[in-house]
Amino acid sequence: MWPLAALLALPVIEIALFVTIGGAIGLGPTLALVLLTPMLGIWVIRTAGARAMADLRAPLGGLRDPAVPMAEGAVKVIAGFLLVLPGFLTDALGLALLVPPLRHAMLRALGRRVVVLRPGQDPRQDPFRRPAGQDVIDGEFHEIPQAEIPRHRPGGPSGWTRD
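Residues numbered from 1 in each chain as written. Predicted model: local features only at pLDDT ≥ 70, side-chain atom pairs only at ≥ 80, totals over all residues. Heavy atoms only, no water.

### Some points on the packing of helix α1 (residues 2-25) against helix α4 (residues 88-98)
- The geometry of α1 relative to α4 is characterised by a closest axis approach of 7 Å and an angle of 95 degrees between their N-to-C directions. The orientation of α1 with respect to α4, classified from their angle, is roughly perpendicular. Residues Leu10, Ile13, Glu14, Leu17, Phe18 and Ile21 of α1 pack against Phe88, Leu89 and Thr90 of α4.
- The residue inventory of the contact of α1 with α4, partitioned by class, reads seven nonpolar, one polar and one charged. (Axes fitted to C-alpha atoms, helices over the stretch in contact; angles between N-to-C directions. Helix = DSSP H or I, 4+ residues; strand = E, 2+ residues; numbered from the N terminus. Parallel < 35°, antiparallel > 145°, perpendicular 65-115°, else oblique. Contact = heavy atoms within 4.5 Å. Nonpolar A, V, L, I, M, F, W, Y, C, P; charged D, E, K, R; others polar.)

### Looking at the environment of Lys76
- Residue placement: Lys76 occurs in helix α3 (residues 67-84).
- For the pair Lys76 and Leu98, spaced 22 residues apart in sequence, the C-alpha separation works out to 6.3 Å.
- The residues contacting Lys76, other than those within four sequence positions of it, are Val44, Ala48 and Arg103.

### Some points on the pattern of salt bridges
- Using the criterion set out here, one finds one salt bridge in the structure.
- Note that Glu72 and Arg103 form a salt bridge whose closest N and O atoms lie 2.8 Å from each other. Of the two residues, Glu72 is situated in helix α3 and Arg103 in helix α5 (residues 100-113); the sequence distance between them amounts to 31 residues. There is no split in this pair, since Glu72 and Arg103 are both buried. (Salt bridge = Lys/Arg side-chain N within 4 Å of Asp/Glu carboxyl O. Buried < 20%, exposed > 50% of the residue type's maximum accessible area, 1.4 Å probe, protein only.)

As C-alpha cells, this is what we get:
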C-alpha cells in the first residue's frame, strides 16, 4: 500500500517544490534547472554505462567478485534516470546517489538485506542448503585408459562425426 501512496504523493511533492523553489529563485533559473538536469542525467547514464563495462572487465580478468562494480554502475544509472525525470525531489535523490560515500552506504545497507537464491529455491529455506526433493546418488567410477577405448563404435560410424 505504501508504494502506491508514494507514487501518488510524488507529483504533489514535485509541484509544491516547483512553486516554492520557483518563487524563491525566479522563473529563469527554475527553467534552467529543469532543462539542465536531464542533460546531466543523460550524460551520467552514458558515462556510467561505459564506465561500468570497463570496471566489470577488471574483476572478471582477475577472477574477483564482479558484484560491487555491477552494483555501483547500476546505482549510477538509476541516479541518471532520476536526474532525467522532471522535478526537484528526483533531482536531489539522483544527485545524492552520485555522491560516493552516500552511494557506498546505501549499497552496504542493501547488501545486508539481499540474499541470493538459486533458481527454483524456496526463499524460506536456508540459502546454503540444497533444495529439498533432490536426491543424492552415490556411485563409483573407474577410469578407462585411452588404449582400451575401442576405436570404432559398435554399429559403425553414424555419419555425423569424423572417425
